[in-house]
Structures are given as C-alpha cells and as structure tokens.
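# A closer look at the structure
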Amino acid sequence: MYRYDAIDQAMLTDRAAEFREQCRRRLAGEITEDQFKPLRLMNGLYLQLHAYMLRIAIPYGTLNAAQLRTLAHVARTFDKGYGHFTTRTNLQLHWIRLRDAPDILDALAKVGLHAIQTSGNCIRNLTADPHAGATAEEADDPRIWAEAIRQWSTFHPEFSHLPRKFKIAVTAAAKDRAAIKVYDIGLRLHRGDDGALSFAVHVGGGLGRTPYLGPLIRERLPARHLLSYLQAILRVFNRHGRRDNINKARIKILVATLGAEEFARQVDEEWDRSDKAAADLPDLELARIRAAFAPRGFETLPPVSARLAEAKAADPALARFARNNVVPHKQPGYGLVNVSLKAPGETPGDASADQMDAVADLAERYSFGEARVTYEQNLILPHVKLDDVPAVFAGLAAVGLASANIGLISDIIACPGLDYCALANARAIPIAQHIATRFAAPELAETIGELKIKISGCINACGHHHVGNIGILGVDKKGEEYYQLSLGGSGEDDASLAQILGPAVPAERVVGAVDQMVEVYLRERQAGERFLDTYRRTGMAPFKEAVYADAD
Amino acid sequence: MKALTANRLDDGEVVFWNAGHWVERFSGAQLFDADEPALEAEGHAKADITHLVDPYLIDVVEAPGGVAPLSYRERLRALGPTNRLDHGKQAAGGADVEVLAQAHGAARSTGRVNLIRRK
C-alpha cells in the first residue's frame, strides 16, 4: 500500500507542530474559543457531549498493521481503551482531552496518520471499495485513484472554503461496496474493450435532510482527465453553491435545482476552458502511485483449501464464519476475511485497543500487514490464504471478533447518536443492541439472510438510514425518543431510498416492529428473495399492516 | 429552576457551577430559582475563557428523590453514555446518579435555555 513520502511526512509533522502551538495559545487564554474552534475542527477535534472527540482519517479505509497498532496505542493511552469506526471509515475517539491532542497528532503522524480533512467545508477524507486490490471484479485498483485525489485535494487552496463539506467515493467494481450513489461525487472505474480506463461520474448524491441518489453526469470520463474534471465540478459548485443556507449548501441541492443535464453542461463548459494539463495527474506520478499498490507476492495455490474444508467439517462455527464472513479473492487459494464489529449486544463499530492490536497481529501474520475499514463499520483482512482461515478465525474468536454475521440482520449500522453526539435527537446504539440481541441466534440470522438495518440518531443520517433495507431514524417527539421506520433502501449498485413506513414508534416498540416485518418477509418471500427483493415485489402494504395492526 | 453548565476547556469534562466554582457532579450544582443570579453566573462563566467552553443555563425540575435536568440530553451529559455504564460520571455510582438515571419525561433535545433555534 501507499507509504507517505518525505513531502507527505513533513506536511504531517509541520501540521502537528502547528496545532501544538495553537492548543498552547488556547489553553493560555491567548485566543478565544471562537478563534480556536475552526482550528481544532481542521484537525478533527470536536467537542461533544462528554468530552472532546477526535476523528482520525483513514484514507480510503486502508490501514497497515503499524497504523492499526498506533490507533490501539492512542485509544489505550489517551482515551478509554477503545475507538469507534464510522460509516465514513474514520475512527472516532470519544473521550479525548484537549491537552493531549498535540501528543496524539504527533503519535499519528509518525505512522502517516492524521485528522486532516475530517471536518470543515473542504474535500473530506476519501472512501473506496474495501475489497480494492483483492477482488477479481475490479477494473483497476481504485485506491490508486483515491490516493491521487487525496494528494490533489489535501490543503487545496481553491477548495478549502467550499459552500459545504464535500465527500468523494471511488470503486472499480460492479458491486458497489462504497455507497457511491450517496456521495457528493461517486466514481466507478471501468475498463473498455480496448483496455482504456474511464470513470462513470455520479454527482449530487447524499443523505441527510434531503436525500438524493447521485445522477450520472458522465458515463465515460477518460481516467487520465480525472483531476481536471473534478476541478471543473468543484468550480461550478464553488460558484453556485448555496452559501446562504446551510440546509441547501450541499452540491446535491445545486444538482437537483439545475437538473443533472444542465449541471453537466456547466461542468463541461468549465472543463473545456480549463487548462487540463495543469490539473491532471502526470503519467509519471500515476505510475509512482500505481507501483505502491502493486499486487502482493501471492503464492500459487489450488483454488480450494483442503485444510479449510477439513476444519469446517469438524467445526460448525468455523463453517458458519467461512460461509458468512469469507469472500472470494482474485488470487486462487486466498480470501478476504470480514471482521465483524457487530457482536450482538455490543456497540456497532466499536473496537477495543486489544482488539485492534489483535487484528494488527493477524494482518501482519496472515494478510500482508494490511487491514481495511468498511463503511458498514467492520474491518477486513484482505489477503488471507484459505489454509489460514481457521487460524485467523481462532485469533479473532480469542478477542470476541468472530461474529459470523456479515450482511445479516445483526450487522447493523448505527451512528453514535445521543449517547455521544452533540447533534443527535435520540439514541441509536441501544436500538441496535436490542435488535441484534433479539436476532443473536446465528441460525435465525442465517435463515433470514441478507437484511441491512441502518440507524441514525438525527436527520443528518450518519447511520445511513435512508439506504437501509430497514432504516431507523431517531426523532424527538415532544421530548421523548421516537423512531421513524422506513423500508426498501439500498446503498449498493441497486441503490434506492427507503420509504417511510408510517408514524414514528416509541423506543420500546422498535424491536417488536422489526420482528413483525421480518415475519412478514419470512411469510411472503419467494425462493431466492432477500428481504429487499420481497419488499420491492410486495410493496409497503403487508409490512405496514403488520406493524400498525394493533395501533389505535 | 436553572443550573449553569459548561465543558471544561482542557479536558472537555462536563462541569456545573456552584458559587464561583465548577464541580463535576450535577448533585453539586448550584440551583437558581431566580433569573437574575443565574444570568449573572452565566456572565461570569462566559468571561472565563481560559477554563471553559460554551457555558449555558439549563432547566432543572423536581424528580423522584431529588432534582434532575429537564432535558434528556442534559441528563446524559450529567451521567454518561447509556451503552457504557462504566464510562462517564455514572461510573462512580451513588444516590445522586440514581436520581438522574431514574428521571425521565419532558425532555427537549437541547437543554439550553434561551437557545432554541427558530431559524
């Protein structure tokens, strides 16, 4: 994977030193909170309900073992021994002291980590397909392009004061594991019959108060022009974005107002008159980045592992883990091992420092030192020999990370909600815990099959409720926590926005309502149908009837 | 009734005003029956930029066994997160924590007096 060069490293060291001085001046009373707040936010430091929260960027969700160990070290030394992986593939530490923040940034900078681009109206930390470099489905390794965008966008002076924050996601596979249609810009790489790489460019997707799926504004952008085209999009946004109204400032509103066609026309006009060569990545630099993501030295192995087959036959728990959590790799004899951070009853996305260390050890020993973070708040060991899956399973089980529930009903996305977040209206974590506990029995979860529940504690939708098969939104109804249920969302290649089921229900009714909807699905489903497929066929009516039948 | 709360600058800890000092437990907070002394205390706090962030007044009401912030958000600040009862102020336990944990109802998502957004 990409290693920061001397320029990147110097930038991080300087930035950490600069923030140390800013913190000193704040603590000495030389600057006010109003003056300091934008500075700390530019370094990912928020003030939440109980303490400061540090949001650490994990560019395109890729970590090496040393970085993961550093995150564990920081969580153990400066926080309460755990961290929370988010739907933006960042890590949030919820109990940070301002006086420790400079030391934390120093520790992070030593392994090429930072909290830059995790706040503010800039181009934020990028996300990418977490299967990048490991899946046979991809046209190219999307991280090459994500890294190019990272270098281009970091501290980009023209795009440091956008009308609103700006998020970009990149994939190179048909199956969308990066939720590109709900991003400000979603990019999908494609390789033509002639071998030429191009991007399908979606713009103006987003969740929050006004959810949109991003329309396609260009189907085949030659890959070499990626940066000049992004520049043109951002210039149009910078020029026309609604700075007057924070609720209308995201690019999705501009695209929806102008219409995708007119927006695309303006982008093309801007692009045509720009100096493309000045913005586009030189071939030499692209080659340098590409080399950093060169395929690993995989062994030549038979596609099926006799050792794994034997171990699975002897251990049904391992068999279940392999069935649900291990995904085919492009290299025969290897697999991607999903590490669920969703043990039923635990906080979705939380990992203790010991767990992070354990995953780092397993990554080093079995996965070329690499780990990934997914927007579904799980981790991945991307390059594991199938022969080693039993050992990895045992290593994960030893630290409580062997839940075999990837993509199942207990693999729930939840934002921190009112338990931590200053913006939330209601709690999200306890709802997730209750639902996951209800469906904790692995046989039951497997019988139900793929079912994605996503929970947000407020309309900002960090928990992606708009694209949940079952979406749950916490609302404040006359001072009580209520939950609005919606159905039929998907953030993947078959993306759709969930529709509201009916009136919000009180907290204690949420698990029962999910139960009722699952029963409807099990009753109505036809062969091979996932929950989402059944909903799409039957529509809302049977679900609505089941949940609200007893209501007065 | 009102109380004055803030986050401490250097570590972010939730604190409450009591006669010129800041305490970490809600049970130690000074309760104001009248507006004038409450606003005066808030004025002091706002001027103290080297120790505090964002001081504001919250509504406090009678609760079984004592008093508690009206808003659930403020009760969570005074207790800690409900998913980790070993974290935050609640970890220390005690009768005052119990009062807050048992209080419910009539919560507004923001506990801030005079700060309800009308935009």
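The coordinates are above.
Residues numbered from 1 in each chain as written. Chains lettered and ligands numbered in written order. Predicted model: local features only at pLDDT ≥ 70, side-chain atom pairs only at ≥ 80, totals over all residues.

Let us look at the overall build of chain B. When helices and strands are tallied, chain B shows three helices and five strands. Starting at the N terminus and walking to the C terminus, you meet the elements of chain B as β-β-β-α-β-β-α-α. Within chain B, buried positions represent 41% of all 119 residues. In chain B, the share of contacts with a sequence separation of at least 24, taken over all contacts with a separation of at least 6, comes to 56%. (Helix = DSSP H or I, 4+ residues; strand = E, 2+ residues; numbered from the N terminus. Buried ≥ 20, exposed ≤ 12 C-beta atoms within 10 Å, placed from the backbone. Contact = placed C-beta atoms within 7 Å.)

It is worth spelling out the overall build of chain A at this point. A count of helical and extended segments in chain A gives 19 helices and 21 strands. For chain A, whose C-alpha radius of gyration is 23 Å, the value lies close to the compact-globule estimate of 24 Å for 552 residues. Principal axes of the C-alpha set define a box for chain A whose edges measure 60 × 60 × 55 Å. Restricting to contacts in chain A with at least 6 residues of sequence separation, those with at least 24 account for 67%. (Rg over C-alpha atoms; globule rule 2.2 N^0.38 Å.)

On to the packing of helix 7 (residues 251-258) of chain A against helix 8 (residues 260-273) of chain A. Residue and element names in this part refer to chain A. Packing of helix 7 against helix 8 leaves a shortest axis separation of 6 Å and a crossing angle of 110 degrees. By the criterion of interaxial angle, the relationship of helix 7 to helix 8 is roughly perpendicular. Two secondary-structure elements touch here, helix 7 through L254, V255 and L258 and helix 8 through A260, E262 and F263. Per-class residue counts for the contact of helix 7 with helix 8 are five nonpolar, no polar and one charged. (Axes fitted to C-alpha atoms, helices over the stretch in contact; angles between N-to-C directions. Parallel < 35°, antiparallel > 145°, perpendicular 65-115°, else oblique. Nonpolar A, V, L, I, M, F, W, Y, C, P; charged D, E, K, R; others polar.)

The subject of this paragraph is the interface of chain B and chain A. Contacts between chain B and chain A engage 23 residues on the former and 25 residues on the latter. Looking at the side of chain B that touches chain A residue by residue, the class counts come to eight nonpolar, nine polar and six charged.

Here the focus is the sheet that holds strand 8 (residues 185-191) of chain A. All names here are of chain A. Taken in spatial order, the five strands of this open sheet run 6-7-8-9-10, and their pairing is mixed. Both edges of this open sheet fall to strand 6 (127-128) and strand 10 (216-222), since each of them pairs with a single strand only. Note that strand 7 (residues 168-171) and strand 8 share four bridges and pair parallel. By the bridge assignment, A169 is partnered in strand 8 with G186. Of the strands in this sheet, strand 8, strand 9 (197-203) and strand 10 touch helix 6 (residues 226-240), which is tilted by about 15 degrees from strand 9. The sheet strands contacting helix 8 are strand 9 and strand 10, and the helix crosses strand 10 at an angle near 35 degrees. (Pairing = 2+ DSSP bridges.)

Looking now at the sheet that holds strand 15 (residues 379-385) of chain A. Residues and elements named next belong to chain A. With antiparallel pairing, five strands are arranged side by side in an open sheet as 3-14-15-12-11. With partners counted over all chains shown, the strands left at the sheet margins are strand 3 (62-64) and strand 11 (326-328), one partner each. Across the sheet, the axes of successive neighbouring strands diverge by a mean angle of 30 degrees, strand direction being ignored. In this structure, strand 11 lies alongside strand 12 (residues 334-339), joined through three bridges in antiparallel fashion. Note on strand 12: the bridge partner recorded for P328 is G335. Here helix 13 (residues 353-366) sits on the sheet and contacts strand 12, strand 14 (370-373) and strand 15; the angle it forms with strand 15, its principal contact strand, is near 25 degrees.

Let's shift gears to helix 6 of chain A. Every α-helix winds through 3.6 residues per turn, so residues three or four apart in the chain are directed the same way. The end-to-end C-alpha distance of helix 6 of chain A, which contains 15 residues, comes to 21 Å, matching closely the 21 Å that a straight helix rising 1.5 Å per residue would cover. Listed in full, the buried residues belonging to helix 6 of chain A are A:L226, A:Y229, A:L230, A:Q231, A:A232, A:I233, A:L234, A:V236 and A:F237. (Expected span 1.5 Å × (residues − 1).)

Attention now goes to unusual backbone geometry. All names here are of chain A. With a phi angle near 55 degrees, F155 is a residue other than glycine that sits in the positive phi range. As for its placement among the helices and strands, F155 is situated in the loop between helix 5 (142-153) and strand 7. Of note, the phi angle at K478 is positive, near 50 degrees, even though the residue is not glycine. Here K478 is to be found in the loop between strand 18 (470-477) and strand 19 (480-487).

Residues and elements named next belong to chain A. Of the two faces of strand 14, the one carrying E370 and R372 and the one carrying A371 and V373 are both buried. Relative to strand 14, strand 3 runs antiparallel, the two sharing three bridges. Bridging from a neighbouring strand, N64 pairs with E370 of strand 14. Two elements, strand 14 and strand 15, share two bridges in a ladder whose sense is antiparallel.

With that settled, consider the packing of helix 11 (residues 306-314) of chain A against helix 12 (residues 316-325) of chain A. Residues and elements named next belong to chain A. It is at 5 Å that the axes of helix 11 and helix 12 come closest, and there the two elements cross at 125 degrees. Between helix 11 and helix 12, the crossing angle belongs to the class labelled oblique. Crossing of helix 11 against helix 12: the hand is left-handed. Counted together, L308, A311 and K312 of helix 11 and L318, A319 and A322 of helix 12 form the full contact between these two elements. Looking at the contact of helix 11 with helix 12 residue by residue, the class counts come to five nonpolar, no polar and one charged. (Left-handed = near helix turned anticlockwise from the far one by under 90°.)

Once that is clear, we can look at the nonpolar core. All names here are of chain A. Core analysis: the biggest nonpolar cluster contains 200 residues, and L54, L68, I233 and V359 have the highest contact counts within it. With eight residues, the top contributor of residues to this core is helix 6. When residues no more than four places from it in sequence are discounted, the contact partners of L54 are G44, L45, L93, I96, A101, I104 and A115. (Core = buried A, V, L, I, M, F, W, Y, C linked by C-beta atoms within 7 Å.)

Another point: the pairing of strand 9 of chain A. All names here are of chain A. Across the seven residues of strand 9, five count as buried, placing the element largely inside the fold. Alignment of strand 8 against strand 9, held across seven bridges, turns out to be antiparallel. Across the sheet, I185 pairs through a bridge with V203, a residue of strand 9. Direction of pairing for strand 9 relative to strand 10: antiparallel, over a ladder of four bridges. Opposite H202, over in strand 10, you have L216 as the bridge partner.

Before going further, it helps to examine helix 1 (residues 35-47) of chain B. Compared with the 18 Å implied by 1.5 Å per residue over 13 residues, the 18 Å span of helix 1 of chain B between its first and last C-alpha is a close match. Packed against the buried residues of helix 1 of chain B are strand 1 (2-8), strand 2 (14-18) and strand 4 (52-63) of chain B.

Here the focus is the environment of A:A101. Residues and elements named next belong to chain A. Of note, A101 is situated in helix 4 (residues 101-109). Classification of A101 by C-beta neighbours within 10 Å gives buried; the count is 23. A101 sits 48 residues away from M53 along the chain, and the two C-alpha atoms are 9.9 Å apart. In contact with A101, not counting residues within four places along its chain, are C23, L45, L54 and I96.

Mapped onto the fold, A:N245 is located in the loop between helix 6 and helix 7. In sequence terms A:N245 and A:K330 are 85 residues apart; their C-alpha atoms lie 47 Å from each other.

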